[in-house]
Amino acid sequence: MDPSRSFIKDVKRIIIKVGTAVVTRADGRLALGRLGALCEQVKELNSSGFEVILVTSGAVGAGRQRLRFRKLVNSSFADLQKPQVELDGKACAALDVTSSQLLVTDSDFKDPNFRMQLCQTVKSLLALKVIPVFNENDAISTRRAPYEISFLANSIRVLADMEDPICRVLKRTELADGLILEKTSCPLGVLLIVFESRPDALVQIASLAVRSGNGLLLKGGKEAMRSNAILHKVITGAIPDVVGEKLIGLVTSRDEIPDLLKLDDVIDLVIPRGSNKLVTQIKESTKIPVLGHADGICHVYIDKSADMQMAKCIVLDAKTDYPAACNAMETLLVHKDLLKTEGLNDLLTELKSEGVALYGGSIASLEYGIPEAPSFHHEYNSMACTIEVVDDIHSAIDHIHQYGSAHTDCIVTEDLAAAEIFLHQVDSAAVFHNASTRFCDGARFGLGAEVGISTSRIHARGPVGVEGLLTTRWILRGNGQVVDGDKGVVYTHRNLPL
């Protein structure tokens, strides 16, 4: 039994991770909904005898707006064990719940004495029915942000420096004497992109639209509404007058989306970025072509010939570099010959020490005494993953095809023949050999940026950059030729240099 899972089951303690929009239980299976409903549910859990811990990713609003809280930036651990009830001006007095905010950084947890004192403090708070609210102290944290500004700026410069992709001649053919056909690139038209609460997404998408010459309608998450408005103003202000600032429009209300999805005579492509539910709802609500992916269930398969030190580095990066990303590993498949080996045991130990909750398929759960996964087709988007044991490479490929989402899958092996089998038979948008799934990204692929990752086969697949936002036109130049039943036309169909 995984210690963290046993802890939750036996002590009735629930750890709730609060992101910008959605909160989930530690096992990833219970979605509690938007922050507005969080506090009512926290109160209910607290009054039912559960010990609740909130872990926030910068959004302390849950504690500030609806719960009684104490800001304890300068408090001692003794103070933490004697919380006072102080109401924020916006606190809801009807909720008889007390919480204490604990500001921490990544480096704090490297100190064993700090961890021991913190553990004692949290236990004391819980005994008093006080809800600890953990929040990262961004002002002094040394942790690298998932998307650094410099990295974002460099990806935009790649777009700015690339050759103009519009009206580029892709192929020239002489159909007949004096009759020249050209295949050229051109914009798709008008794009509607619904994306998550990440302001960097707006910058990437808008830059790609400008570079590819497409009109753009943007609808970002409401949590980043003000950031999106400022970024939209900056970007449109930089667009030359000959193009016009109306090239990029910002949709500010969710209520407008259903009407926009009916405009199949105006909008040429919809790209939703977000949850499975969002993508499915949009696909079912419009006649406009939809490009994107509903799930990011990425696999890493460790073959029997793998270099286990390399495998450990790849798996840890694929899972822990940015667990919420759609290209993070969700399922680890291991060859049966690796069972109980020192290399695999070391890898699993390392995953646990990094804070990854392990769940198993029918074989792995028995072999390693870990909880059984709710489903193989499960996207955790958190520090958790599923492990299963397979007979061989063909079983791994069959598993990926049955339970995967055709996003990104990887094999770790020193057997080049096995690698080629995997690379050619796994039918996913991106397939890797001895490299982390996290490399499946438009900027890392050298595309400059991406509007998203497509698991569709039409018309773009994988990270969608500028080329994925273009289509083609045929330009024919002649000097009076007519078909006339092809009586007088001598077709040459000769390829011409560009």
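Worth saying up front: this structure is predicted, and the values here are computed from it rather than measured.

## Some details on the packing of helix 14 (residues 393-403) against helix 15 (residues 416-425)
Stage number 1. Packing of helix 14 against helix 15 leaves a shortest axis separation of 11 Å and a crossing angle of 20°. On the basis of their axis angle, the class for helix 14 and helix 15 is roughly parallel. Remark: the crossing between helix 14 and helix 15 carries right-handed chirality. Within the contact between the two elements, helix 14 uses Ile393, His394, Ile397, Ile400 and His401 and helix 15 uses Ala418, Ile421, Phe422 and Gln425.
Stage number 2. Looking at the contact of helix 14 with helix 15 residue by residue, the classes come out as six nonpolar, three polar and no charged.

## A closer look at the confidence of the model for the chain
Stage number 1. For the chain, the mean per-residue pLDDT works out to 82, and 81% of the residues sit at or above 70.
Stage number 2. Per-residue pLDDT stays below 50 along residues 1-11; that stretch engages in 19 contacts with residues further than four places along the chain or on separate chains.

## Describing the nonpolar core
Stage number 1. Val300, Ile302, Leu332 and Leu351 are the most contacted members of the largest nonpolar core, which has 31 residues in total.
Stage number 2. Broken down by secondary-structure element, the contributors of at least two residues to this core are strand 14 (298-302), helix 11 (308-320), strand 15 (329-335), helix 12 (342-353), helix 13 (362-368), strand 17 (384-390), strand 18 (408-412) and strand 19 (430-433).
Stage number 3. Ranked by residue count, the leading element in this core is helix 11, at six residues.
Stage number 4. With residues up to four places along the chain from it excluded, the contact list for Ile302 reads Met308, Ala311, Val315, Leu332, Leu333, Val334, His335, Leu338, Leu347 and Val412.
Stage number 5. Of all hydrophobic cores here, the second largest spans 26 residues; its members include Ala201, Leu218, Ile239 and Ile248.

## Brief notes about the pattern of salt bridges
Stage number 1. Per the stated rule, a full pass over the model turns up 13 salt bridges.
Stage number 2. Two residues, Arg273 and Glu196, come together in a salt bridge whose shortest N-O distance is 3.3 Å. In this pair, Arg273 is assigned in the loop between strand 13 (269-272) and helix 10 (276-284) and Glu196 in the loop between strand 10 (190-194) and helix 7 (199-212), connecting sequence segments 77 residues apart.
Stage number 3. Owing to a relative accessible area of 24%, Glu196 belongs among the partly exposed residues under this scheme.
Stage number 4. Each of Arg172, Glu182 and Arg477 takes part in one network of salt bridges that share partners.

## Points about the sheet that holds strand 12 (residues 248-250)
Stage number 1. Across the sheet, four strands lie side by side as 12-11-10-13; this open sheet has parallel pairing. Strands with a single pairing partner mark the edges of an open sheet, and in this sheet they are strand 12 and strand 13. Recorded for the sheet is a direction-independent mean angle of 20° between the axes of neighbouring strands.
Stage number 2. Relative to strand 12, strand 11 (residues 215-219) is paired through three bridges, and the arrangement is parallel. Paired with Leu218 across the bridge in strand 12 is Leu250.
Stage number 3. Packed on one face of the sheet, helix 7 meets strand 10, strand 11 and strand 12 and runs near 170° to strand 11.

Calculation rules
Residues numbered from 1 in each chain as written. Predicted model: local features only at pLDDT ≥ 70, side-chain atom pairs only at ≥ 80, totals over all residues. Heavy atoms only, no water. Axes fitted to C-alpha atoms, helices over the stretch in contact; angles between N-to-C directions. Helix = DSSP H or I, 4+ residues; strand = E, 2+ residues; numbered from the N terminus. Parallel < 35°, antiparallel > 145°, perpendicular 65-115°, else oblique. Left-handed = near helix turned anticlockwise from the far one by under 90°. Contact = heavy atoms within 4.5 Å. Nonpolar A, V, L, I, M, F, W, Y, C, P; charged D, E, K, R; others polar. pLDDT = per-residue confidence, 0-100. Core = buried A, V, L, I, M, F, W, Y, C linked by side-chain atoms within 4.5 Å. Buried < 20%, exposed > 50% of the residue type's maximum accessible area, 1.4 Å probe, protein only. Salt bridge = Lys/Arg side-chain N within 4 Å of Asp/Glu carboxyl O. Pairing = 2+ DSSP bridges.

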